[in-house]
Amino acid sequence: MHRAALLFSALLLLLATLGCDKARSDSVRLTNEGMKALNKNEIRIAKARFQEALDVFPDNSKAHYGMGVVMRELKNPERSRRHLKAA
């Protein structure tokens, strides 16, 4: 019985890790889309992509950086500083 509980715990840990990897990869993809939009000066689209990236994986430093740049462009220095600091 103890072995079954240990195997079940290992399976749960594996599934949690896989979910984290998916969230991270989704966040990276969204951040890349945000950077492309930012390079095209599509500020509103970039903001949406960076926000989606942060919603999926809040520790994404590149998404925080991108959002900091976007907030500077939108004349919101306080939010810009907050995101750049988080980056």
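All of the points below concern the structure found in this document. (Residues numbered from 1 in each chain as written. Predicted model: local features only at pLDDT ≥ 70, side-chain atom pairs only at ≥ 80, totals over all residues. Heavy atoms only, no water.)

Moving on, we get to the environment of Ala 87. Assignment of secondary structure puts Ala 87 in the segment after α4 (77–86). Beyond its immediate sequence surroundings of up to four residues, Ala 87 is in contact with Ser 61, His 64 and Tyr 65. (Helix = DSSP H or I, 4+ residues; strand = E, 2+ residues; numbered from the N terminus. Contact = heavy atoms within 4.5 Å.)

With 14 residues, helix α2 (residues 43–56) extends 20 Å from end C-alpha to end C-alpha; this agrees with the ideal 20 Å at 1.5 Å per step. Every buried residue of α2 is listed here: Ile 43, Ala 46, Phe 50, Ala 53 and Leu 54. Looking straight down α2, one finds that the buried residues subtend no more than 95° of arc, so they occupy a single side. Opposite its buried face, α2 presents the exposed residues Arg 44 and Asp 55, each directed more than 90 degrees away. (Expected span 1.5 Å × (residues − 1). Buried < 20%, exposed > 50% of the residue type's maximum accessible area, 1.4 Å probe, protein only. Arc of directions from axis to C-beta.)

A few words now on the pattern of salt bridges. Enumeration over the complete set of coordinates arrives at six salt bridges. Notably, a salt bridge pairs Asp 26 with Lys 22, separated by 2.9 Å at the nearest N-O pair. In this pair, Asp 26 and Lys 22 are both assigned in helix α1 (residues 2–39), four residues apart and thus about one turn of the helix distant. One salt bridge in this structure joins Glu 78 and Arg 81, with 3.4 Å as the shortest N-O distance. Here Glu 78 pairs with Arg 81, and both are found in helix α4, just three residues apart, close to one helical turn. Here the residues in one salt-bridge network are Arg 29, Glu 33, Arg 49 and Glu 52, joined through shared partners. (Salt bridge = Lys/Arg side-chain N within 4 Å of Asp/Glu carboxyl O.)

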